[in-house]
Structures are given as C-alpha cells and as structure tokens.
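Residues per chain, in single letters:
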Amino acid sequence: MMRALRNQKVRGILFQILTIIGLVAFLWYIGTNTMNNIEQRGIKTGFEFLNSTAGFGIDEAPIAYTETDTHGRVFWVGLTNTLIIGFVGIIFATILGLLIGVLRLSNNWLVSKMAATYIDIFRNIPILLQILFWYNVVLKMLPVPKKSLEFAGDIFLNNRGLYLPQPDLNSTTIAVLVSLGLAIVSIFFINRWSNKRQEETGEDFPLFFVSMGLLISLPIIAYFIGGANFNFDLPALKGFNFKGGKSISPEFLSLTFALVIYTATFIAEAVRSGIEAVTKGQKEAAASIGLTEYQALKLVVLPQAIRIAIPPTINQYLNLIKNSSLATAIGYPEIVTVFSGTSLNQVGQAIEIIAMTMLVYLTISLVVSAILNWFNHKMKIKER
Amino acid sequence: MAIFELKAEREAPSSTKGVIHWLKDNLFSTPSNAVMTILGFYILYIIIPPFVQWAYTDATFVGETRADCTGGGACWIFVGAKMDLFMYGFYPKVELWRLQTALGLFVALIIAFKYLLKGGKTKFIAFSLYLIVAFILINGGVLGLENVPTDKWGGLMLTVVVAAVGIIFSFPIGIIIAFGRASNLPIIRSVCVTYVEFIRGVPLITILFMSSVILPLFFPEGITFDKLLRALIGITLFQAAYVAEIIRGGLQSISRGQYEAADAIGLSYWQKMLLVILPQALKVAIPNLVGAFISLFQDTTLVLIIGLFDLLAMVRITAADSTWLGMETEGYVFVTFIFWAFCYGMSRYSNSLEKQFNTELK
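Residues numbered from 1 in each chain as written. Chains lettered and ligands numbered in written order. Predicted model: local features only at pLDDT ≥ 70, side-chain atom pairs only at ≥ 80, totals over all residues. Heavy atoms only, no water.

A. The arrangement of the overall build of chain A in detail. Tallying secondary structure elements over chain A gives twelve helices and six strands in all. Relative to its length of 384 residues, chain A is extended, with a C-alpha radius of gyration of 27 Å against a globular reference of 21 Å. Every one of the 384 residues in chain A was classed for burial, and the buried ones make up 40%. Counting only contacts in chain A whose residues sit at least 6 apart along the sequence, the fraction spanning at least 24 positions is 65%. Split by element, the accessible area of chain A, about 21,800 Å² in all, is 66% carbon and sulfur. Side chains of chain A give 30 positive and 23 negative charges; the mean places of these two sets differ by 10 Å. (Helix = DSSP H or I, 4+ residues; strand = E, 2+ residues; numbered from the N terminus. Rg over C-alpha atoms; globule rule 2.2 N^0.38 Å. Buried < 20%, exposed > 50% of the residue type's maximum accessible area, 1.4 Å probe, protein only. Contact = heavy atoms within 4.5 Å. Areas by Shrake-Rupley, 256 points an atom, 1.4 Å probe, with all protein chains shown as cover. Lys, Arg positive; Asp, Glu negative; His and termini not counted. Charge placed at Lys NZ, Arg CZ, Asp CG, Glu CD.)

B. Main features of the overall build of chain B. Broken down by element type, chain B carries 14 helices and zero strands. In sequence order, the secondary structure elements of chain B are arranged as α-α-α-α-α-α-α-α-α-α-α-α-α-α. With the C-alpha coordinates of chain B rotated into their principal frame, the extents come out at 90 × 75 × 45 Å. Within chain B, buried positions represent 42% of all 362 residues. For chain B, the proportion of contacts with a sequence separation of at least 24, taken over those separated by at least 6, is 66%.

C. The arrangement of the interface of chain A and chain B in detail. Across the boundary between the two partners, chain A contributes 49 residues, which contact 53 residues of chain B. Both sides of the chain A and chain B interface together cover about 4,700 Å² of buried area, and 72% of this is carbon and sulfur. For chain A, the biggest contributors to the area lost against chain B are A:Gln16, A:Asn124 and A:Met358; these three give 13% of the whole. At the surface where chain A touches chain B, the tally comes to zero salt bridges. (Buried area = accessible area lost by both parts, 1.4 Å probe. Salt bridge = Lys/Arg side-chain N within 4 Å of Asp/Glu carboxyl O.)

D. Up close: empty space enclosed by the protein. As enumerated under the stated definition, the model contains one cavity of 30 Å³ or more in all. In this structure, the largest cavity encloses a volume near 40 Å³. Considering the residues around the largest cavity, the lining is formed by A:Ile38, A:Ile43, A:Lys44, A:Thr45, A:Gly348, A:Gln349, A:Ala350, A:Ile351, A:Glu352 and B:Leu217. No other element matches helix H12 (residues 350-382) of chain A, which puts three residues into the lining of the largest cavity. Its residues assigned to classes, the lining of the largest cavity comprises five nonpolar, three polar and two charged. (1 Å grid on protein atoms, 1.4 Å probe; cavity = no way out; pocket = protein on both sides within 12 Å on 5 of 7 lines; lining within 4 Å. Points joined across faces, edges and corners; volume = space filled by probe spheres on them. Nonpolar A, V, L, I, M, F, W, Y, C, P; charged D, E, K, R; others polar.)

E. Local environment of helix H10 (residues 227-252) of chain B. Counted at 1.5 Å a residue, the expected span for H10(B) with its 26 residues is 38 Å, and the 38 Å between its end C-alpha atoms agrees. Two to three positions downstream of the cap, the backbone nitrogen of B:Leu228 sits 3.1 Å from a side-chain oxygen, assigning the N-cap of H10(B) to B:Asp226. (Expected span 1.5 Å × (residues − 1). Polar contact = N/O pair within 3.5 Å; in protein donor to acceptor, adjacent residues only side chain to side chain.)

F. Broad picture of the packing of helix H4 (residues 109-123) of chain A against helix H2 (residues 31-57) of chain B. The interhelical angle for the contact between H4(A) and H2(B), taken along N-to-C directions, is 45°, at an axis separation of 8 Å. Judged by the inter-axis angle, H4(A) sits oblique to H2(B). With respect to the hand of their crossing, H4(A) and H2(B) are arranged in left-handed fashion. Contacts between H4(A) and H2(B) involve A:Leu110, A:Val111 and A:Met114 from the former and B:Met36, B:Thr37, B:Gly40, B:Phe41, B:Ile43 and B:Leu44 from the latter. Considered class by class, the residues forming the contact of H4(A) with H2(B) number seven nonpolar, two polar and no charged. (Axes fitted to C-alpha atoms, helices over the stretch in contact; angles between N-to-C directions. Parallel < 35°, antiparallel > 145°, perpendicular 65-115°, else oblique. Left-handed = near helix turned anticlockwise from the far one by under 90°.)

G. A look at the pairing of strand E2 (residues 155-158) of chain A. Residues and elements named next belong to chain A. Taken together, the three bridges between strand E1 (residues 149-151) and E2 define a ladder with antiparallel strand orientation. When the bridges of E2 are listed, Glu150 appears paired with Phe156. Counting the residues that bridge the hairpin from E1 to E2 gives three residues, and of these Ala152 lies at a positive phi of roughly 50°. Pairing of E2 with strand E3 (residues 161-164), which is carried by three bridges, proceeds in the antiparallel orientation. Residue pairing for E3: Asn158 is matched across the bridge by Gly161. The hairpin turn running from E2 into E3, its antiparallel successor, is two residues long. (Pairing = 2+ DSSP bridges.)

H. Up close: the pattern of salt bridges. Residue and element names in this part refer to chain A. Counting across every chain of the model gives twelve salt bridges over all chains. The residue Arg272 makes a salt bridge to Glu269 at a minimum N-O spacing of 3.3 Å. Of the two residues, Arg272 and Glu269 are both situated in helix H8 (residues 250-277); the distance of three residues between them amounts to about one turn of the helix. According to the relative accessible area criterion, Arg272 is buried, its value standing at 19%. Where salt bridges share partners, they join Asp120, Arg123, Glu269, Arg272 and Glu276 into one cluster.

I. Structural detail: the sheet that holds strand E6 (residues 246-248) of chain A. All names here are of chain A. Here four strands make up an open sheet; going across it, the order is E1-E2-E3-E6 and the pairing antiparallel. Of all strands in the sheet, those with a lone pairing partner are E1 and E6, marking the two edges. Pairs of neighbouring strands in the sheet enclose a mean axial angle of 20°, with direction left out of account. Here H8 sits on the sheet and contacts E2, E3 and E6; the angle it forms with E6, its principal contact strand, is near 55°.

J. Fine view of the nonpolar core. Ranked by internal contacts, the top residues of the largest apolar core, which has 125 residues, are A:Phe339, B:Tyr91, B:Trp153 and B:Leu312. Per element, the largest residue contribution to this core is eleven residues, and it comes from H12(A). Residues contacting B:Tyr91, with those up to four places away along its chain left out, are B:Leu96, B:Arg98, B:Leu99, B:Leu137, B:Ile138, B:Val148, B:Lys152, B:Trp153 and B:Met157. Formed by 26 residues, the second largest nonpolar core is a distinct cluster that contains B:Leu185, B:Val243, B:Leu251 and B:Ile254. (Core = buried A, V, L, I, M, F, W, Y, C linked by side-chain atoms within 4.5 Å.)

K. Spatial organisation of the packing of helix H3 (residues 71-104) of chain A against H4(A). Residue and element names in this part refer to chain A. For the pair H3 and H4, interaxial distance at closest approach is 7 Å and the crossing angle is 130°. In terms of orientation, H3 lies oblique with respect to H4. When you trace H3 past H4, the crossing you get is left-handed. Within the contact between the two elements, H3 uses Leu96, Ile100, Leu103 and Arg104 and H4 uses Val111, Ser112, Ala115, Ala116, Tyr118 and Ile119. The residue inventory of the contact of H3 with H4, partitioned by class, reads eight nonpolar, one polar and one charged.

What follows is the structure in structure tokens.
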C-alpha cells in the first residue's frame, strides 16, 4: 500500500479523486443549503419570472418597451443598451487611443509630453470615479433646457441631454444607409482586387482616394434617388423640455465619455508598444531604399506594429464592455442596472438573474477571445 | 552615366546648443510641427489657467463655515471640515487613535524592513504579526478594546483595508491556481482553467453582486456574513484569477531544463515548485503583479455599489450635509487627487522594481 502511494502516478490519481469528491461534497452542501434557504424565504425558482410583468419604466429603450412588458423584455432592452454602449465606446476609444498613441511618439516635445501626461493622469484614476465625475460635476454644469447651448440651429445641449434632429425612416434614409453599406462592401472587394493586381503587375492603385470617393459619392447619389428629403423630426422647446428629435441622455453621454477616455489610455499604450517594438533597423532600411516617411510608416512600420498592438487592444475592448456594467452607479439602463438591479429587487430570484447576466458577459468575452485567437492564428501564418 | 550637379553648400546652423536651437528642433522643426505646437499651447491655455484659478487663486483655504467661502473658487474649508469622514469613515471619534496607531506601526514596519530585519523568514513573521495586531486594533473586541462594527468603517481607511486584504489573500490563492493550471493532472487543470476563464469573463460588479446576494444563501440559516466580509471574498476570488494568469505567464518563461534539473536531484513536486520554479517565476512576474494590484486598488471603488462606504462613496455622503451644500465638486477633485496620487505612486514604484529586477536578470 505504501509502495503504491510512493508512485507518483498513483498519488496523482488519488489526488484527483479526492478533489472530485471534495468538489462534489462542497457543491452538495451549498446546493442543499440554497434549496432550504430559498424555501424558507419564499423565493421562487425557475425562469417563469421572465414572463411576468415588469411594472417599471425604462428611460432609454432602443427597442420598444412599456411598463406592461415582461422581465424577459427588460433583459433584451438591457442587453441592447450594453451592446450599443460597447459599440460606440469601442469606436471612439480606438480613434482616440490611436491618436494619442501616435502623438506620444511624435518628435514634437510639447505634443508628446502632453500625450504622456494625458495617459499618466487618466490611467491612474479609477473608472468609477471618472464616470461619477463626468455625471455629477461636468454634466451638471450644463444649462437648463430654456438656456440650452445651440449648435447649427437644430442641435441642443443641456443638462437633460443632447438633442439631435432625427431623420424619418423613409425612402431617403433607407437609400442612404443601403448605399453606405454597399460602399463599405465594395471598398473591401476593391482592396482585395487592387492588392492582387499590385502583386501581379506592380501597379499602384490610389485606394485611399477611391474609397473616400465611393464613401462620399454613393450616399449622395442615393440621397437624391431616394427623394432628397430626410423629413427631420426637429427637437423643439415645449414648456420646460424638448420634444421630438433624438435625445441622448446625460447618463449615456457621461458613461461614453468616461469609458472612451479611460480605455483610450490603454489603447494608446498598446499602440505605442506596438510601434516601438518595430526595430529601428526596419525604419533605417526603409529610408535606405528611398521610401518617404509616410510610405515607410504605411508599408513597413504599421503592418508590423499592428501585429503586436492588436491583441492588447482587443483585450481593452473586452474591458470596456465589462466596465460598462458600472453604469449601475449613474442609472444608465444597461443589463446590470435594469436586470441585475431593478428586476432582481422586484423578483428576488438572485441566482437565476445573476447567472443570466454572467452568461451574457461570458458569451461576449468568448466571442472576443475567439476573434483574438483567429487574429493570432492569421498573423502566425504570415510569419515564417 | 549620369552627371551629378553639386548643390550649393548649406550654411552651418547658427547654434547647436541653447534654448533657441532646442525650440527649433523640438517644437518648430517642420511647419506641421509648428502648427501642432501652437495648438498644444492653445489647449493648455484653455484648460490650465481656469483650473488653477478655481483651485488656487480664488479658493478659500482658511475659515470655519460655508459662509467663509467667498472667493468664487474652490472651498477647501469643506474638505478640511470633513477630513475625518474622508479618512476614517464613520469610525467613532474616540477610537481614532487605534487607526492612527495601526498606521504608525505600518510606517515602523516599512522602516524595519528596510534597515533592521534581514532574511525572508523574519520579514514574513514580522509582517504576519503586524497584520494580526492591526486587525485587533481596527476591529477591537478583545483586550479591552471596544468592538467597532464594520458598517462604521469607511473612507480611505476602508479602501486601504479592502485593497490590502485583497492583495494579501489573492496572492497565495492565485499561486495555487496557477500551479493547478500548469499541472498535468487533467481534473485539477480543468477545474483551474474553468475558474480562471469564468472569472476573467465577467465584470467585477457581477461577482460582487453574487457574493453579496447569493453567498448568504449558500450557508445554513445560522451563519451570517458580515457585509464587508462578503465584499472581501468577492474581491479576493476575482483578483486571484488575474494573479493566477500573471503567474502562469511567469511560469511559462521558465525553461523545461529547470523542471528536469529539479527532478534529477530528486525534489518532490512541492519542493520543486516552491524552491526552484516559483522564485524565478515571481521575478519575471513582479511588474505585472504590481500592475494588477494597482487595478485592484482602483477596483475597490466598486464596493460603493453594494453599499459599503469607501473613499469614493464619502464624496456623496459629505456633500449631503445641509450646512455644506453644493460642495460636490470640491469633494470629487479632492478624492480624485488622492486616488491619482496613490496609483501614480504605485506605478512609479513598479517602474523602479522593473529596473531593479531587470539588472538582476542580466
């Protein structure tokens, strides 16, 4: 017996069996206690609550929602809001992060110092504090609706939100949106075609100008084909507030600003590390074969920098989506606030609700991890 | 054969040193650079003078009540009047000496670490002793010290307690999980992988909700969990997963030869891991670990969402006082500065640690 125990393989199997027994015992203990506690407190189990009426209103519902809708509907409203914030946040954080990262490496002393200071300041302030600061300090300084700040005659900014004219969903709008989609798809295919042509014949193709031309001209043509009338719903001051038009709440604005500014610092650091990781020899070699600085950047430095900069950037996208859950503190109705917050308070079935919320985030991070793995895999093939 | 025309000689630069040359080189070297410099100065001009005017020139620093704040700038008297709340939360005023003693002992410990104590074991014992003493001081209940319930803990002291407990306890748990993930026993490995990937995929706020709402359900009626304890458990479990990932990165940097050499001289698994592998892994992982701990310090602010009164929550509480209305901005600026100072200090410390360990590796 002792000799068997001294064998490492036997010990390993024994250890694993003990672990399984321990885990099962622990889960059984927790499970029975939970069942007892739930019975005692009169909390229901199961998912029928998703079909019961919610009874509370949600200020910002991108999909139609009224108080008589079910908790299941609340879940979808929250999820849509989370995805919207994630989408908008990711786009602006990338743009800002890219800008700051490149400025950080500029040879203009003032600009690079300012970028470095920006990164040093906003990286070291907790994100929740930034969100609360934007919401409670900056946005409170905006004027009341009667004295709103005006832009271009039809855009208003006040402490109740940002009010924009909203185009009707008529033929003009649909035509413009479809043409935008067509332009993007065609740019993608033209890119592939021009790369192939360049590899075969060596002829350059003015891809940038052609893409810009398509992006601008196609929607304009579509605008005129569709009827040349967006039929804007203009925000107008009625009584104490604005009615009509598209309103963007101060919660959305402050959450977006805080998330974008915070995440952009990390993306800027990733971009900077990517560009710095390209050895100096590459830049010198590019200069020695006569490439201009812009060509060297585009053809030699950035492709190599992107390979290094993208994995941490995608990680930051995931962090942004997870940080959007802090909207609970200011009341923006994304999934944690409405579902794990209000619905939980009403229904009381904490386990089901929090499990569903966690499942949402786990799915999002699984998708992002899959994208990251696909990207790493693609990059691996290109290397020798 | 091409014939080359000699271009005319360029004049030598007027100077290679001095302010003018530096300005030309760094700020105005090309037209686009010049434009960016001017834009940069303009941005600084719109941001800095108004802020300095609000925070310093027009601000009131001395006074007693709200009425003394006349300048139109920041009213720093408010921060001074509420300093106890910001620092110690609702801790009873008569017992504040206990917190101050704990802080003083900590400073003494740091000095002792640097100058007096040598050797890992004595440092470890001294540190553990300090933890026990500090806990007794802060919590009370024994040795004639009055028990201060945890719902009175708040402010910067609570932030530090949460961060410290999170760091101290997540570290060994993270190491064990990292070992489990690297082990070749499939059950252990899959349990650890599931744990880490699960925790890293969800936001901290859901873990805190889970630990504050669901954790009491896991245990029979009699056992009640202190609210602070629930938050500490949630934060520790969360941080342990991230620590495990960082240490796994460190473990991966160690060549197989080390494992094989340890096996060759007959070390058992635990001897191998603790004496050979872990010290090398930690050396590589320390900069990332300090980064994770800075994140933990920032994440302690989330406990305000589950009802604990950390430093950030104190802003709203102090601003709610009816004798000091409208002071939220000062509160936020003050708290921002404290958090920034702590985190920036820690990141500078991490930079110096990185340099220190880098030279050792060479």
